[in-house]
Amino acid sequence: MRKRDHNVLTNAASLLVCGLLAGVVVAAAAFPAVAMSGLAAKAGAETFGALPTELTVARAPQISYLLASDGKTPLATMYDENRRDVKLADISPYMVKAIIAAEDHDFYKHNGVDINGVARAFVNNQSEGAGQQGASTLTMQYVRLAIAYSATHPADVVAATEDTSARKLREMRLALQVDKEFSKDEILTRYLNLASFGNGAYGIYAASQVYFGKPPSKLKIEEAALLAGMVKAPTTNDPTTEAGYPKAVERRDYVIDNMVKTKAITQQEADAAKAVKLVPLDKRTPNGCVAANVNSWGFFCDYFYRWWMQQETFGSTTYDRERRLKSGGYTVVTSIDVQAQTGADKAVRKAKNENSKEAAMVAVVEPGTGRVRALAVNRQFKLDDPKNPKNKLSSDPAKKRKNIRGNYPATVNPLLTGGDGIGGYQAGSTFKIFTIVAALEKGIPLSYTINAPQKFTSEYIIDSSSDAACPGTHFYCPTNSGGKPGGVQNMWTAFSQSINTYFVPLQQQVGAENVVDAAKRAGIQFRTTEDLNLSGTKEAAHQWGAFTLGVSSTTPLDLANAYATLAADGKYCEPIPVQEIRDPEGNKLDIANPRCEKRFSTEVARAAVDAARCPVGDNSSTSKCGSSRTAGNVRRDVGAPVAGKSGTTDSEKTAALVAMTKQYAVAGIMADPDWPQTNVKMKHEEEDGINPPVWQTLRDAMKGKPDIKFEPPGQKISEGDQRSIPSVKCISVEQARSRLKAASFEPVVSSVKVASTCKAGEAAGTSPNGRTIEGGVVTIQVSTGSGTTPGTTGTTPDTPRNRPTGRPGG
C-alpha cells in the first residue's frame with residue numbers, strides 16, 4: 001500500500017546511482033583491478049535492476065498473555081520470542097529520536113538508501129588500514145530483519161544475514177521499494193517491533209519491560225538511549241553483565257550526544273541524562289506454566305495448555321498448535337476465578353501440607369458453561385531437579401525400594417484433570433447419583449421404596465474368590481457400611497444415608513449399562529484399561545455390579561463437571577479453561593465459547609438434585625430426606641442452597657465430596673496418587689479430611705454472590721403414581737401379604753412388633769399407610785396382642801418441623 005509519493009526524478013536517480021554503485025561494489029569484491037571501470041558500472045546497473053522489488057513480510061513471533069477471568073490479573077505468558085508489537089503512539093518520542101540518532105541520522109531525508117553513506121563506506125573500505133564502515137539505513141536493517149523472519153528454510157536465514165555484497169545489493173533494492181510502500185513512521189515502528197535487544201527481549205515493548213519494568217511509552221531519554229545503543233550488539237552492550245555495563249553506558253552516552261547533533265534534545269537535557277546512573281532490572285519475562293504468576297495456579301495453566309494442544313482450530317499437528325500459542329500474540333482471558341482459586345488453594349493446604357503424600361484435590365466448574373473456575377492441590381507446580389532432587393521417595397513400597405521419587409511436594413503431572421498416566425481415583429458413593437438419574441429416566445420416582453438388607457445377594461457375577469462374593473457362590477453380595485440393615489428406604493433417604501443395598505438392587509433393576517451411560521452423558525470419562533473394557537459395550541457394562549458404588553476411576557474435574565450438568569437442569573457443557581481469546585488484531589475467536597448440549601430432561605435433573613440436597617443438609621418443599629446425613633454441615637457452613645454427596649471406598653483408600661450451588665460445582669478427592677493401594681485411611685469431616693477443603697472452597701467462591709434456589713421437581717417424578725394401600729388390620733400376616741401383593745405392592749414383614757388391639761401375631765397395620773407408589777415396599781406391622789392401636793402406622797412424616805434445622809433451602 002503506497003503511503004508516500006516520491007519525486008519521480010529522485011527515485012530514478014536513486015535507482016541509477018544504486019545500480020552504478022552496485023556494479024562497483026561487486027567488481028571490487030571480485031576483481032579489484034577493474035573496480036572503477038565503466039564496464040563494471042554498466043553490468044552493475046543491469047544486475048541491480050533485475051533484483052526483486054517485493055518484500056514478503058511474515059508476522060514475527062508474538063508473546064501470548066494468559067489472564068484470569070477478570071481480564072486483568074496475570075496468569076502466565078507463553079512465547080518463543082518475547083515480543084509484543086506496539087503502535088508508534090505507544091512508544092516514547094525519545095525512543096524514536098534515540099534510534100535515529102544511533103543508527104540513521106538522515107532517516108527522514110533519504111529514500112531508503114543513503115547514497116552518500118554508501119559512497120563514503122565504499123571509499124573508506126578501499127583504504128588500507130581503515131576500519132570497515134557500514135552504510136545500512138534503518139530501512140535496510142528492517143528489510144534484513146523482515147527477510148530473516150519470513151524465511152521458510154534455515155539457508156534463507158543465513159542468506160539474509162551473511163556479510164556479502166549480494167545481500168547488501170538486495171537490501172538496497174528492497175529498501176527503495178519499502179520506502180515507497182510505507183511511511184517513514186511505519187518503517188520505524190516495524191523496525192522497533194522486530195529488533196533484538198538481548199536477554200530474550202525482542203521488540204521495544206519487551207525491551208522496556210525487561211530492562212526497566214515499564215511500557216515503552218514511559219521511557220526517559222537515558223533509558224531510550226541505552227536501548228537504542230544495544231541493537232547493534234545486544235550481547236556486547238548488555239548492561240546486566242559486569243563486562244557489558246560500561247560498554248552499554250559508553251554507547252548510551254554516544255547516542256545521547258548524537259541526539260544533540262540531530263537536535264532531538266538540548267545539551268542541557270543530554271548532560272542531565274548522562275548523569276543518571278542506570279540500574280537495569282534484567283527482568284526476563286516468565287515463560288510457561290512453571291513460571292505462572294502464582295505457582296499453585298500452574299496446575300490450571302497446565303490444564304489450559306493441554307486443552308489448547310487438543311484444539312484443531314490452532315493447527316493440524318501439535319507442533320503447529322504450540323507454535324500458534326507461543327508465537328501467535330494471543331490475549332487469552334482464561335476461566336480461572338481468582339476468588340474461587342485463592343479459596344481453594346488455601347483450603348487444600350489447610351487440610352494437607354505440600355509434603356504430605358496424601359493429595360487433597362479440588363476442582364470447581366461453573367454449571368451451564370463448563371468453565372473451569374479453579375483447580376487446586378497441595379503440591380508445588382514444578383519439575384523436581386534430577387541433579388538435586390527435593391521430592392520425597394515414592395509412597396509405593398516397590399518404587400521406594402528402587403529409590404524412585406514420588407509426586408510430592410513438587411509435580412507437573414495432571415493430578416486433577418487426568419492424562420499422561422493419571423487415570424483418576426475412586427470417588428465412592430458420589431456415583432450413586434447416576435443410578436438415581438438412570439432410575440428417574442426409567443420412570444421410577446424418588447419415592448420408590450426398597451427394603452434394604454445388610455447384605456444383598458445380587459445377580460451380578462464376579463470371581464467366587466472375591467471378598468465381595470456371597471459365600472460359596474459367584475454372585476456379588478454388597479453390604480452396608482457399619483454392618484447395619486438399611487431398612488425401607490426411598491431415593492431421598494437412601495442417598496442421604498448412602499445405603500449400598502438400596503442402590504445395587506436399584507441399579508440391577510434399571511440395568512447397570514444404563515447407569516454407566518448416564519455417567520458418561522453427565523461428563524464422566526473412563527481412562528484406565530479396566531474401566532474402558534467394562535464400559536466399552538452394553539454387555540460388559542450390564543455386569544458391572546459395583547459401578548453404582550464408585551469403583552471406577554475419575555478425576556475431581558470430571559466429577560465436578562458431572563454434577564454441574566445436573567445443576568444446569570441437565571445441560572452438559574464440555575469443561576473449558578477459557579472465557580475469551582483475541583488474536584493480535586483484537587478479533588474474538590469462537591473457540592472460547594461454551595460447548596453445551598441438553599443430555600437429560602429438566603425434570604430428571606431437578607429430581608436428581610433434589611435427592612442430592614439431602615446428604616449435605618439441605619431440603620426442598622418436596623424432599624423426604626430423613627434425619628441422617630453424611631455431610632449435613634455443608635448447608636449451614638456454606639450458607640446457601642446446596643446439593644452434593646460424599647463418597648468413600650473400601651478401606652478408605654480415597655475420600656470424596658461434591659458440594660454445589662447453582663453457580664459452582666466443587667468436587668474434592670483425597671488420595672495417594674503415587675500408591676492407590678495406600679495403607680493410609682483418608683478422612684472426611686476431620687480438619688485434615690476432604691470435606692473441609694470442598695465446602696470452604698464453595699463458601700469462599702460464593703462470597704458476594706446471590707443465593708439462587710434449586711427448582712424442586714414436579715410431583716409425578718417425585719411421588720410417582722400413588723395407589724391406596726388396602727387395610728390389613730387384624731388379619732393374618734399371610735393374608736396381609738397376599739392382599740398387598742394383589743394391590744401391586746411389595747410386602748415386607750417387620751421384625752419389630754407394635755402394640756395393637758389386634759391379636760398377637762396378626763397384622764396391626766402398614767408402614768406407610770394411606771397411599772404410596774405402585775410397586776413400592778409396604779411394611780406389615782405385627783401386633784404384640786396388647787395395647788392400643790397405633791394412631792399412625794407409618795414412619796414419622798418428614799414435615800418441616802421434623803427436618804434438620806438451618807436456613808430454608810431453595
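Below: a short report on this structure. If you're wondering where the values come from, they're calculated on a predicted model, not measured in any experiment.

Between side chains of opposite charge, a pair can form when the charged atoms approach closely. Going through the model one piece at a time under the given rule, you end up with 39 salt bridges. Its salt-bridge partner being Arg252, residue Asp253 comes within 3.0 Å of it at the nearest N-O pair. Each of the two residues, Asp253 as well as Arg252, counts as buried. A salt bridge links Asp257 to Lys274; its shortest N-O distance comes to 2.8 Å. Pair noted here: Asp257 is in helix H11 (residues 244-261) and Lys274 is in helix H12 (residues 267-274), with a separation of 17 residues, a long-range link. Residue classification places Asp257 among the partly exposed positions, given a relative accessible area of 31%. Exposure remark for Lys274: the relative accessible area of 27% places this residue in the partly exposed category. Ionic contacts of the salt-bridge type, sharing partners, join the residues Asp80, Glu322, Arg323 and Lys326 into one network.

All right, on to unusual backbone geometry then. Cis rather than trans, the peptide bond between Tyr408 and Pro409 has omega equal to 5°. Looking at where Pro409 falls in the secondary structure, it is placed in the loop between helix H16 (397-401) and strand E7 (410-411). Cis geometry is adopted by the peptide bond preceding Pro768, which originates at Ser767 and carries an omega value of 0°. By secondary structure assignment, the location of Pro768 is in the loop between strand E20 (763-767) and strand E21 (771-773). Even without being glycine, Asp569 reaches a positive phi, approximately 60°.

For the rest of this paragraph, the subject is helix H28 (residues 733-742). Here H28 has its buried residues at Val733, Ala736 and Leu740. Viewed end-on, H28 has its buried residues packed into an arc of 55°, placing them on one side of the element. Across from the buried face of H28, at angles greater than 90 degrees, the exposed residues are Lys741 and Ala742. Positioned one or two residues after H28, Ser744 has a phi angle of 70°, which is positive.

Ranked by internal contacts, the top residues of the largest apolar core, which has 99 residues, are Trp308, Phe434, Ile436, Tyr502 and Ile581. The element best represented in this core is helix H23 (residues 556-567), accounting for 8 residues. Membership of the second largest hydrophobic core comes to 57 residues, among which are Ala98, Ala102, Ala175 and Ala228.

Scanning the model with the defined rule gives 5 disulfides in all. Two residues share a disulfide in this structure: Cys289 and Cys301, whose sulfurs sit 2.1 Å from each other. On the sign convention where negative means left-handed, the S-S torsion of about -75° between Cys289 and Cys301 marks this disulfide as left-handed. Of the two residues, Cys289 is situated in the loop between H12 and helix H13 (298-308) and Cys301 in helix H13; the sequence distance between them amounts to 12 residues.

Here we come to the sheet that holds strand E13 (residues 578-582). Through backbone hydrogen bonds, the strands of a sheet pair up, either in parallel or in antiparallel fashion. Here we have 4 strands laid out as an open sheet, ordered E2-E1-E3-E13, and mixed in their pairing. Two strands in the sheet have a free side with no partner beyond their single neighbour: strand E2 (74-78) and E13. Averaged over all adjacent pairs, the angle separating strand axes in this sheet is 15°, with direction ignored. As paired elements, strand E3 (residues 331-334) and E13 share 4 bridges and run antiparallel to each other. Among the inter-strand pairings, Val333 is bridged to a residue of E13, identified as Glu580.

All right, on to the pairing of E2 then. Buried residues dominate E2, accounting for 4 of its 5 residues. When strand E1 (residues 64-67) meets E2, the two strands line up antiparallel, connected through 4 bridges. Bridge pairing links Leu67 to Pro74 in E2. Count of turn residues in the E1/E2 antiparallel hairpin: 6 residues, of which Gly71 carries a positive phi of about 80°.

Inspection of the secondary structure puts Asn391 in the loop between strand E6 (380-381) and H16. A polar side-chain atom of Asn391 sits 2.8 Å from the main-chain carbonyl oxygen of Gly406. Apart from the residues within four sequence positions on either side, Asn391 is in contact with Asp384, Arg405, Gly406, Asn407, Tyr408, Pro409 and Ala410.

The interhelical angle for the contact between H13 and helix H14 (residues 318-327), taken along N-to-C directions, is 130°, at an axis separation of 10 Å. Viewed along their axes, H13 and H14 adopt a mutual orientation that is oblique. From H13, Phe304, Tyr305 and Trp308 reach across to H14, where they touch Arg321, Glu322, Arg324 and Leu325. When its residues are assigned to classes, the contact of H13 with H14 shows 4 nonpolar, no polar and 3 charged.

Calculation criteria
- Residues numbered from 1 in each chain as written.
- Predicted model: local features only at pLDDT ≥ 70, side-chain atom pairs only at ≥ 80, totals over all residues.
- Heavy atoms only, no water.
- Salt bridge = Lys/Arg side-chain N within 4 Å of Asp/Glu carboxyl O.
- Buried < 20%, exposed > 50% of the residue type's maximum accessible area, 1.4 Å probe, protein only.
- Helix = DSSP H or I, 4+ residues; strand = E, 2+ residues; numbered from the N terminus.
- Arc of directions from axis to C-beta.
- Core = buried A, V, L, I, M, F, W, Y, C linked by side-chain atoms within 4.5 Å.
- Disulfide = S-S within 2.5 Å.
- Pairing = 2+ DSSP bridges.
- Axes fitted to C-alpha atoms, helices over the stretch in contact; angles between N-to-C directions.
- Polar contact = N/O pair within 3.5 Å; in protein donor to acceptor, adjacent residues only side chain to side chain.
- Contact = heavy atoms within 4.5 Å.
- Parallel < 35°, antiparallel > 145°, perpendicular 65-115°, else oblique.
- Nonpolar A, V, L, I, M, F, W, Y, C, P; charged D, E, K, R; others polar.

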